[in-house]
Amino acid sequence: MDRIEALLASVHRLAGSLDIKKYDLSGRVSEDISVSVQGGRVDQMSASDSIGVLVRVWHPSGAVGVASTSDISEGGLETALAMAREVSTQAPREDAPIFSPEATAALAEVEMPQALEPVTAGLLAETLLRVEQRVLSAHPAMQSIPYNGLSQQATTSFYLHSEGATRRQKAARCSLYLYPKAEEVGRRGRMGNAVRQAASFSGLDIDGCVEESVQKVLSHLDYEKIPSGRYVVVFSPSAILALLGAFSNLWNARHILDQKSLSRPEDIGKQIASPCLSLSDYPLHPYNIRMPLFDGEGTPTRKTAILSDGQLVSFLHCANTAMVMGQPLTGHAVVGARVSVDAHYLHLQRAQSATSALSLEAADDLVYVDKLTALHAGTQALQGSFSLPFDGWRYQHGERRSIEAATVAGDLLPMLQQIVHVGHEEKALPSGAAAEVWVEGLSIAGSES
Amino acid sequence: MALQVEIQRAEKLAAHQASQIYEAFGESLRVPLTRLLGWGRAAGADFVEFFLERRAELNMAVENGQVRSISPSLSVGVGVRVFRGHQDGFVSSNDVSWNGLRRALEQALSMLGLVLPSGGRWVPDVALEPLRDYAVLRQKEGWRAQMPSIGEICEHLLSVEAAITKEVKHRQFSGINALQDWQEVLVASSDGIFARDIRLHQTAAANALCVEGTHRAQVAEREGNFGHPRFLLDLDREAIATALAERAGHLLHADFVQAGEYPVVMANAFGGVIFHEACGHLLETTQVEKKTTPFWDKKGQMIANEALTAWDEGLSEGLFGSLDMDDEGMPAQRTLLIEDGVLRNFLADRLGSQKTGHPRTGSGRRQDHSFAAASRMRNTYIGPGLHTPEEVIASVDHGLYCKKLGGGSVGATGDFNFGVAEAWLIEGGKITRPVKGATLIGTAAGIMPKISMCANDIGTAPGFCGSVSGRVYVTVGQPHLRVEQITVGGR
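Here the structure is a predicted model, which is why all the values come from computation and not from measurement. (Residues numbered from 1 in each chain as written. Chains lettered and ligands numbered in written order. Predicted model: local features only at pLDDT ≥ 70, side-chain atom pairs only at ≥ 80, totals over all residues. Heavy atoms only, no water.)

Enquirer: Can you walk me through the overall build of chain B in this structure?
Expert: A tally of regular secondary structure across chain B gives 12 helices and 23 strands. Taken against the 2.2 N^0.38 rule, which gives 23 Å for 491 residues, the C-alpha radius of gyration of chain B at 25 Å falls within 12% of a compact globule. For chain B, the proportion of its 491 residues judged to be buried stands at 62%. Working note: accessible area of chain B is about 17100 Å², and carbon and sulfur atoms make up 50% of it. Across chain B, 49 positive and 57 negative side-chain charges occur, with their mean positions spaced 4 Å apart. (Helix = DSSP H or I, 4+ residues; strand = E, 2+ residues; numbered from the N terminus. Rg over C-alpha atoms; globule rule 2.2 N^0.38 Å. Buried < 20%, exposed > 50% of the residue type's maximum accessible area, 1.4 Å probe, protein only. Areas by Shrake-Rupley, 256 points an atom, 1.4 Å probe, with all protein chains shown as cover. Lys, Arg positive; Asp, Glu negative; His and termini not counted. Charge placed at Lys NZ, Arg CZ, Asp CG, Glu CD.)

Encoded structure:
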């Protein structure tokens, strides 16, 4: 009996002894190892072995109490169950969670990574030191990589409930991120970034990460101010995914029901974006390393179209929101004191009917937003507005030059209608897959008016 | 033979005492930790540290007149850190049994190429100081018993939310989230530190969304406290509701600010987030050691306008960033950062001090046991000046009054940015009309000399700070102050 089997058996036994009839349990066991380097030396090596469990107990009235714990001893689990039962006596009955009707349905059959490659902190450190050397020797202006890390993580997610559901999934991930800094005499320091993930260390695209980070930071060395004004703005795949992610209340059924959203239940079917844009959540996308087979309630995950040719076609649901709104389950539950909803892996595509043809090389004057920063500070998710600093370039007659410092500002809903082009090529990233998105008439504020 | 028996007896005792860990962190851990620290040193580590943590959190949410969620969370864990030369290895685990502690030490040592001494070898114990127990010294043991029941808290939160509902016009949604975070920590390290503390942080954030036609305004207020068990029952419902209603009323139909360069007056209290982000982070040794701060070699030099003096400290009663000891067992201090524009001190944790040579300041902090401690701010504020707030505002002919700042961040190049939650135009030395959508952009080295006037009305506000060692509780603060010129992103 392994650690998780023992845990599940303990919970069943303890629930019986506490006379708890209806309950469920979800959690994750994780083992991580990571390193960072600085100036030719290992800066830190760290490892963690963690577990987190959330139990929910149903009161006979239908109300649900929750408690989470990282203490999986008999005493710790018993305390958590007893606490959840106690909370259930004071918890609201309205919108109480339900067991997912699909918690025992068959899961998708996908090829998952096998046993984790045995990788030591020493191997990760040696690799990252070599990477640092390559980056720093790429150009005389390269100074350091202030933020860097190479890590490997193995997780097991699990879910069970008192009526027989049992889910379990293993996943592994290896990640490399590099944020090198370069500076020329008398000029401002500039940074670039690149991130790579793979299911195993041997599959990690280290060369690609080095090359991308170096090219980006060097491209920002020759910078200039940009006059404030309205521009055509092209969002890189990572920038548009980050921006849409900040406004995820748009398709989050929980937030919509709670009136904490830019959408309303009756918006399904409305044309809320340019017809050239399609957006879905695609958990089992071949490039999604995590590839979750089930959500926090045990519901199987599946591809869910959110926008089709600019039309809002579905929200993302947990069991409760799907029941309340009379819509199909989508497998997006995030279990907590209140079950919420989140996307697994957004997939932004050019709509099949799109006919636009634009290119950076042919543009007269546009701004390319490569990376948005400070999204937590610069987005008003319920107001629908944003004003965000970014790293990027200005393209004028096919020539590109880095922008010194600027913000891009707008309102999300009008912006979605102002999309004039979605690129043909998609880029797969850790957070999702997307093409470039062109938007007309967004405000750019430079440091020179 | 006698020695072998003694070793076996000591190891059994250590294991037995570690099994008592759930009773309390304290003297019962002296023997096992003394033994483990001794093993770590004997393995060749220069320094070994155990950080044990037990935590009980309670999150509650009230929305639109209903209790939406009650969520208790319990956690326990250990972080083990080992230094050897300039390298360090860190391991965290939820397993605080004797075997778990031993395994974590073994893994941390192995990262540095070290192994535990073989069984049966005599290893000198590390002599720990008498337990420095701030929970006892500062009478914190009784806090949990003094905390109100879940029912009492929910009732009060419902009354606060009802006041918001009553006051705020065009309200589509309103809510209040509350957090109680009780934490017990124990630090034992091979330099003899053996210290225990209990912390109690509580915070409540009220928010509202107002909608009228196509106009939307999202407003929020946060309060926070350290060490007052019944804090959540003391939330002033009328004050919170009035503040939200006024701000929402101003912002609902406000125009967007025009982008450009403006002189800016920052209001007191949460306005201090700009100093926290733009300067405070750059005075942490985590930045100094990487030379990612323009101030790394400027100690003793003028880095700011002479109108500016700033502090970081952990001593102020009840402030959100206060602590009796840091997460490396060092007693809290008051640290003068900048005096009349001159850089006086950096904020240093143990490793930062070792790497940079700057003295430790009791600033080693971490979110929880799964993070290694790093130099972090506590209560950070700009000291008061001689002017009145009215004089500061009147000194600006055409500029921006940032009455309420939102969050912000600073990058490794020193570039910072802040969202402004509530902004007003200043015209002819007077505050005239509200504007929205403002973001302040600049560089730390650029803005510090431009803070040219400080008023006499210092205020503080609670906040969360996310950085290399996770999210920690902090206070920001300042009086009203004037910045000569700053880039404002808008429309």
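Still to come is the rest of the account.
Enquirer: Explanation requested: the sheet that holds strand β11 (residues 334-339) of chain B in the structure shown.
Expert: Sheets are built from strands that pair by backbone hydrogen bonding, the pairs being arranged parallel or antiparallel. Residues and elements named next belong to chain B. Taken in spatial order, the six strands of this open sheet run β12-β11-β10-β15-β22-β21, and their pairing is mixed. With one partner strand each, in any of the chains shown, β12 (342-343) and β21 (459-467) form the two edges of the open sheet. Here β21 runs beside strand β22 (residues 470-478); their pairing, made up of nine bridges, is antiparallel. In the sheet register, Ala461 faces β22, and the bridge partner there is Val476. (Pairing = 2+ DSSP bridges.)

Enquirer: It is not clear to me how the nonpolar core should be interpreted in this structure. Could you clarify?
Expert: Most often, soluble globular proteins keep nonpolar side chains buried together rather than apart. Counting 64 residues, the largest nonpolar core has Leu150 and Leu178 of chain A together with Leu33, Phe50, Leu52, Val82 and Leu105 of chain B as the members making the most contacts within it. At seven residues, the largest contribution of residues to this core is made by helix α3 (residues 98-111) of chain B. Apart from the residues within four sequence positions on either side, Leu150 of chain A is in contact with Ile33, Ser34, Val35, Leu124, Thr127, Leu128, Cys174, Ser175, Leu176, Phe201 and Leu204 of chain A. With 55 residues, the next largest nonpolar core counts Phe247, Trp251, Leu279 and Val439 of chain A among its residues. (Core = buried A, V, L, I, M, F, W, Y, C linked by side-chain atoms within 4.5 Å. Contact = heavy atoms within 4.5 Å.)

Enquirer: Explain the packing of aromatic side chains to me, please; I cannot follow it from the model alone.
Expert: Inspection of every chain in the model, using the stated rule, returns 13 aromatic pairs over all chains. On the basis of an interplanar angle of 85 degrees and a centroid distance of 6.1 Å, the ring pair of Trp143 of chain B and Phe226 of chain B is categorised as edge-to-face. Here Phe226 of chain B lies in strand β7 (residues 215-226) and Trp143 of chain B lies in helix α5 (residues 143-146), a separation of 83 residues in the sequence. For the pair formed by Trp143 of chain B and Phe226 of chain B, the shared burial category is buried. On the basis of an interplanar angle of 80 degrees and a centroid distance of 5.8 Å, the ring pair of Phe320 of chain B and Phe464 of chain B is categorised as edge-to-face. Here the residue Phe320 of chain B occupies a position in the loop between β10 (310-313) and β11, and Phe464 of chain B occupies one in strand β21, the gap between them amounting to 144 residues. A connected cluster of aromatic rings, assembled from ring pairs, spans Tyr147, Tyr177 and Tyr179 of chain A. Above the ring of Trp393 of chain A, the side-chain terminus of Arg400 of chain A is found at 4.1 Å from the ring centroid. Directly above the ring of Trp182 of chain B sits Arg144 of chain B, whose terminal nitrogen or CZ lies 4.3 Å from the centroid. (Phe/Tyr/Trp six-rings, centres within 6.5 Å; stacked < 30°, edge-to-face > 60°. Lys NZ or Arg CZ within 6 Å of the ring centre and 35° of its normal.)

Enquirer: Even after reading the chapter, I still don't get the interface of chain A and chain B, so can you show me in this structure?
Expert: You'll often see interface size given as the accessible area lost when the parts meet. With 64 residues of chain A at the contact, the number on the chain B side is 64 residues. The junction of chain A with chain B conceals about 5100 Å² of combined surface from both sides, 51% of it contributed by carbon and sulfur atoms. Connecting chain A to chain B are six salt bridges. In this assembly, chain A and chain B are joined by 28 residue pairs in polar contact (both at pLDDT 80 or more). In terms of residue count, strand β2 (residues 41-58) of chain A provides more of the side of chain A that touches chain B than any other element does, 11 residues in total. (Buried area = accessible area lost by both parts, 1.4 Å probe. Salt bridge = Lys/Arg side-chain N within 4 Å of Asp/Glu carboxyl O. Polar contact = N/O pair within 3.5 Å; in protein donor to acceptor, adjacent residues only side chain to side chain.)

Enquirer: For this particular structure, what's the right way to read the domain arrangement of chain A?
Expert: Residue and element names in this part refer to chain A. Splitting chain A by domain gives domain 1 (3-217), domain 2 (222-243 + 355-446) and domain 3 (248-350). For domain 1 versus domain 2, the distance between C-alpha centres works out to 31 Å. Every contact between the two is made by 10 residues of domain 1 and, on the other side, 11 residues of domain 2. Summing the contributions of domain 1 and of domain 2, the shared interface buries around 910 Å²; its carbon and sulfur component is 40%. The largest per-residue losses of area from domain 1 upon contact with domain 2 belong to Arg187, Arg188 and Arg190, which jointly make up 53% of the total buried on that side. Linking domain 1 to domain 2 there are three salt bridges. Between Arg188 and Glu404 there is a salt bridge whose closest N-O contact spans 2.7 Å. Joining domain 1 to domain 2, the criterion identifies seven residue pairs in polar contact (both at pLDDT 80 or more). Elements with a contribution of two residues or more to the side of domain 1 that touches domain 2: β6 (190-191), β7 (194-198) and α4 (206-219). (Domains from an automatic or database assignment.)

Enquirer: Which parts of the structure should I look at to understand the packing of helix α1 (residues 3-17) of chain A against helix α2 (residues 74-88) of chain A?
Expert: The axes of two packed helices give the description: the angle between them and the distance between them. Residue and element names in this part refer to chain A. Remark: α1 packs on α2, axes separated minimally by 10 Å, with the N-to-C direction vectors making an angle of 50 degrees. By the angle class used here, α1 and α2 are oblique. Helix-helix and strand crossings are classified by hand; for α1 and α2 the assignment is right-handed. Contacts between α1 and α2 involve Leu7, Ser10, Val11, Arg13, Leu14 and Ala15 from the former and Glu74, Leu77, Glu78 and Leu81 from the latter. (Axes fitted to C-alpha atoms, helices over the stretch in contact; angles between N-to-C directions. Parallel < 35°, antiparallel > 145°, perpendicular 65-115°, else oblique. Left-handed = near helix turned anticlockwise from the far one by under 90°.)

Enquirer: When you look at the packing of helix α6 (residues 150-167) of chain B against helix α7 (residues 237-251) of chain B in this model, what are you seeing that I'm missing?
Expert: Residues and elements named next belong to chain B. Contact geometry of α6 with α7 gives a least axis separation of 8 Å together with a crossing angle of 35 degrees. For α6 against α7, the interelement crossing comes out right-handed. Here α6 contributes His156, Ser159, Val160, Ala163, Ile164 and Glu167 to the contact with α7, which in turn contributes Arg237, Ile240, Ala241, Leu244 and Ala245. A breakdown of the residues in the contact of α6 with α7 according to their chemical character gives seven nonpolar, two polar and two charged. (Nonpolar A, V, L, I, M, F, W, Y, C, P; charged D, E, K, R; others polar.)

Enquirer: What is the right way to read unusual backbone geometry from this model?
Expert: Non-glycine residue Met291 of chain A carries a positive phi angle of around 45 degrees. Mapped onto the secondary structure, Met291 of chain A falls in the loop between β10 (277-281) and β11 (304-308). Positive phi, close to 55 degrees, is recorded for Lys291 of chain B, a residue that is not glycine. The class of Lys291 of chain B is partly exposed, set by a relative accessible area of 47%.

Enquirer: Whenever I open this one, α1 of chain A confuses me. Can you help?
Expert: An α-helical turn contains 3.6 residues, so a residue and the one three or four places further along point in the same direction. Residues and elements named next belong to chain A. The terminal C-alpha atoms of α1, which comprises 15 residues, lie 21 Å apart, in line with the 21 Å expected from a rise of 1.5 Å per residue. The set of residues buried in α1 consists of Ile4, Leu7, Leu8, Ser10, Val11, Leu14 and Ala15. Buried residues of α1 fall within an arc of 160 degrees about the axis and therefore sit on the same side. Along α1, the residues that are exposed and aim more than 90 degrees away from the buried face are Gly16 and Ser17. Packed against the buried residues of α1 are β1 (23-38), β2, α2, β4 (142-161) and β5 (166-182). At the C-terminal side of α1, Asp19 shows a positive phi close to 60 degrees. (Expected span 1.5 Å × (residues − 1). Arc of directions from axis to C-beta.)

Enquirer: Could you clarify how one ought to interpret the side chain of Arg196 of chain A in this entry?
Expert: All names here are of chain A. Of note, Arg196 is situated in strand β7. In this structure the side chain of Arg196 is engaged in a polar contact, spanning 3.2 Å, whose partner is the backbone oxygen of Gly208. A polar side-chain atom of Arg196 sits 2.8 Å from a polar atom in the side chain of Glu212. Excluding residues within four positions of it along the chain, Arg196 makes contact with Cys174, Ser175, Leu176, Leu204, Asp205, Gly208, Cys209 and Glu212.

Enquirer: Honestly, empty space enclosed by the protein in this entry has me stumped. Any pointers?
Expert: Leftover empty space is mapped by rolling, across the atoms, a probe with the size of a water molecule. One pass over the structure, following the stated rule, counts two cavities of 30 Å³ or more. Within this model, the largest cavity holds a volume of roughly 180 Å³. If you list the elements that add at least two residues to the lining of the largest cavity, you get β3 (64-69) of chain A together with β2 (66-84) of chain B. In terms of residues, the lining of the largest cavity owes the most to one element, β2 of chain B, which gives five residues. Considering only residue class, the lining of the largest cavity consists of 11 nonpolar, four polar and five charged. In this structure, the second largest cavity encloses a volume near 40 Å³. The wall of the second largest cavity is formed by Ile176, Ala204, Ala205, Ala206, Glu221, Arg222, Glu223 and Ile240 of chain B. (1 Å grid on protein atoms, 1.4 Å probe; cavity = no way out; pocket = protein on both sides within 12 Å on 5 of 7 lines; lining within 4 Å. Points joined across faces, edges and corners; volume = space filled by probe spheres on them.)

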